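# Report on the structure
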Amino acid sequence: MKKLKYISVLLLLFAKANAFSEIKEKDPNKIVNELVVEINSIYHRFELLVDIKQEELERVDKALSIAYSPEQKINLLVEKDQIKSEIKQLMIETTGEISKVRYLKGLQIIKILYEKVLSLDHHFASVRTLSEINKISNPNQYPEYEKLKEIVSAKKDKKNGLDLTSILGTNTVVSLVQTFTNMMGSSLTKEEKEKELANVECILDFTLRMQNDLNTIYFETAFLQTSNDKVKEEIELLFRDYTKPIGYIASLESCRKNDDWETVNQKMEDYLTKMKAATGTAQYKMQVNLEFPIDRLLQFITQYNNFIDQGGKFYEKFKIILNSYENEKQCETKLPLEYKKLKTDIDVAIDKFNVAYKPVEINGTKMKEILYGLNEFD
């Protein structure tokens, strides 16, 4: 029985060593699942070792019950105290191992989420700019409408016709009022007016119906980009707080740029060595300093998840807005390519928010077990 337990312990130790030898960037949810497995492995190893010690205690207790000489009893009591001390030390070592696993896995999650936040930053920067939105939503940006204005200007009533300033001329509503006012008083025949209107009717219908909606997409995307900037600042602050206890002082941006993750791991190993050598209050304080940043990680994960959930809903809203143009089929050939490209971009963004940027699935019992180890030694 003992041999089997020792073999199990060795296998678990081997598995644990392999778990730390291959650290790769993954989906944070896979890291979370790995963390559950590794913590359970540590629990199981602890239980096996304690079972062995309990068998030794039972042996000592039996020996004590039949011991007669004071010398035998003293030796057995000393041995019993030694075994109890070893169990206590096992508990301390196991707590340290669990802290190490949670800390290093948390570091991996930070690394992965930072890449996602940077990717989101690039995504928002590449979304349609205000000038591009203006190009889609303002009829003055369309050559067909510019041509109509030129024709009307040439045929307008010179005496009563209006000429707008450069500022008012770019205003959609004012420009349309001027163009149609001048058209009504122009020398164009009825047939000519109808012909020219037919050339721009889809453009005017689309821009007048969709201008406010397209501007909404721009400004709400700008809001999402600002929110992402705040998330980026938060994860950089989290990394600073996370690595401060172990004595790593470089920023997250610098660590990523210089691929300095191995140094962070080494700092962690040095810290654990010191914590293991410490005793009493000093050891407890070092343990708390290691656990507190993990609580900060939990807070950030909640913030990240909320942001991703919000972003996904925004893009679903954008899709509904873009698909709301009721004359799209009739005007399909006249609609700008930028409009179709924007629709494609929105579909890609929705897919990214559902897949590439998806929330980290930590909640309820799993969250408590993973980040706080509430089931330790149950």
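Below you will find a few notes about this structure. (Residues numbered from 1 in each chain as written. Predicted model: local features only at pLDDT ≥ 70, side-chain atom pairs only at ≥ 80, totals over all residues. Heavy atoms only, no water.)

## Focus on the environment of isoleucine 235
The residue isoleucine 235 is located in helix 8 (residues 190-243) in this model. For the pair isoleucine 235 and leucine 297, spaced 62 residues apart in sequence, the C-alpha to C-alpha distance is 8.6 Å. The contacts of isoleucine 235, once residues within four sequence positions are left out, are Ile110, Leu113, Tyr114, Leu252 and Phe300. (Helix = DSSP H or I, 4+ residues; strand = E, 2+ residues; numbered from the N terminus. Contact = heavy atoms within 4.5 Å.)

## Remarks on the packing of aromatic side chains
What the rule picks out here adds up to 12 aromatic pairs. Relative to tyrosine 242, the ring of tyrosine 103 lies with its centre 4.4 Å away and its plane at 25°, an arrangement referred to as stacked. Taken together, the residues tyrosine 103 in helix 3 (residues 70-126) and tyrosine 242 in helix 8 connect sequence positions 139 residues apart. Owing to a relative accessible area of 0%, tyrosine 242 belongs among the buried residues under this scheme. Chaining the aromatic ring pairs together yields one cluster made of Phe223, Phe314, Tyr315, Phe318, Phe353 and Tyr357. (Phe/Tyr/Trp six-rings, centres within 6.5 Å; stacked < 30°, edge-to-face > 60°. Buried < 20%, exposed > 50% of the residue type's maximum accessible area, 1.4 Å probe, protein only.)

## Some details on the packing of helix 11 (residues 280-322) against helix 12 (residues 337-354)
At a closest axis distance of 9 Å, the pairing of helix 11 and helix 12 adopts a crossing angle of 150°. Between helix 11 and helix 12, the interaxial angle falls into the category roughly antiparallel. Crossing handedness for the pair helix 11 and helix 12: left-handed. Contacts between helix 11 and helix 12 involve Ile308, Gly311, Gly312, Tyr315, Glu316, Phe318, Lys319 and Leu322 from the first element and Tyr339, Leu342, Lys343, Ile346, Asp347, Ala349, Ile350 and Phe353 from the second. Residue composition of the contact of helix 11 with helix 12, by class: 10 nonpolar, two polar and four charged. (Axes fitted to C-alpha atoms, helices over the stretch in contact; angles between N-to-C directions. Parallel < 35°, antiparallel > 145°, perpendicular 65-115°, else oblique. Left-handed = near helix turned anticlockwise from the far one by under 90°. Nonpolar A, V, L, I, M, F, W, Y, C, P; charged D, E, K, R; others polar.)

## Some thoughts on helix 5 (residues 143-155)
Every α-helix winds through 3.6 residues per turn, so residues three or four apart in the chain are directed the same way. In this model, helix 5 (13 residues) spans 18 Å end to end at C-alpha, consistent with the 18 Å of a helix rising 1.5 Å per residue. Along helix 5, the residues that are buried comprise Tyr145, Leu148, Lys149 and Val152. The buried residues of helix 5 occupy an angular sector of 100° when projected down its axis, which confines them to one face. Among the exposed residues of helix 5, those pointing more than 90 degrees away from its buried face are Pro143, Lys147, Glu150 and Ala154. (Expected span 1.5 Å × (residues − 1). Arc of directions from axis to C-beta.)

## Quick word on the layout of surface pockets
As a volume, the largest pocket reaches approximately 360 Å³. Around the largest pocket, the lining comprises 14 residues; the ones closest to its centre are Glu93, Gly96, Glu97, Leu272 and Lys276. Elements with a minimum of two residues in the lining of the largest pocket: helix 3, helix 10 (261-277) and helix 11. By residue class, the composition of the lining of the largest pocket is three nonpolar, five polar and six charged. (1 Å grid on protein atoms, 1.4 Å probe; cavity = no way out; pocket = protein on both sides within 12 Å on 5 of 7 lines; lining within 4 Å. Points joined across faces, edges and corners; volume = space filled by probe spheres on them.)

## Quick notes on the state of the cysteines
Such a bond, covalent and formed between the sulfur atoms of two cysteines, is termed a disulfide. Under the criterion given, the structure shown has one disulfide. With a sulfur-sulfur separation of 2.2 Å, cysteine 202 is cross-linked through a disulfide to cysteine 331. Handedness here is read from the sign of the S-S torsion; for cysteine 202 and cysteine 331, about -75°, the answer is left-handed. Here cysteine 202 is found in helix 8, whereas its partner cysteine 331 is found in the loop between helix 11 and helix 12, with 129 residues between them in sequence. Taken individually, cysteine 202 and cysteine 331 each receive the classification buried, so the pair is uniform in this respect. (Disulfide = S-S within 2.5 Å.)

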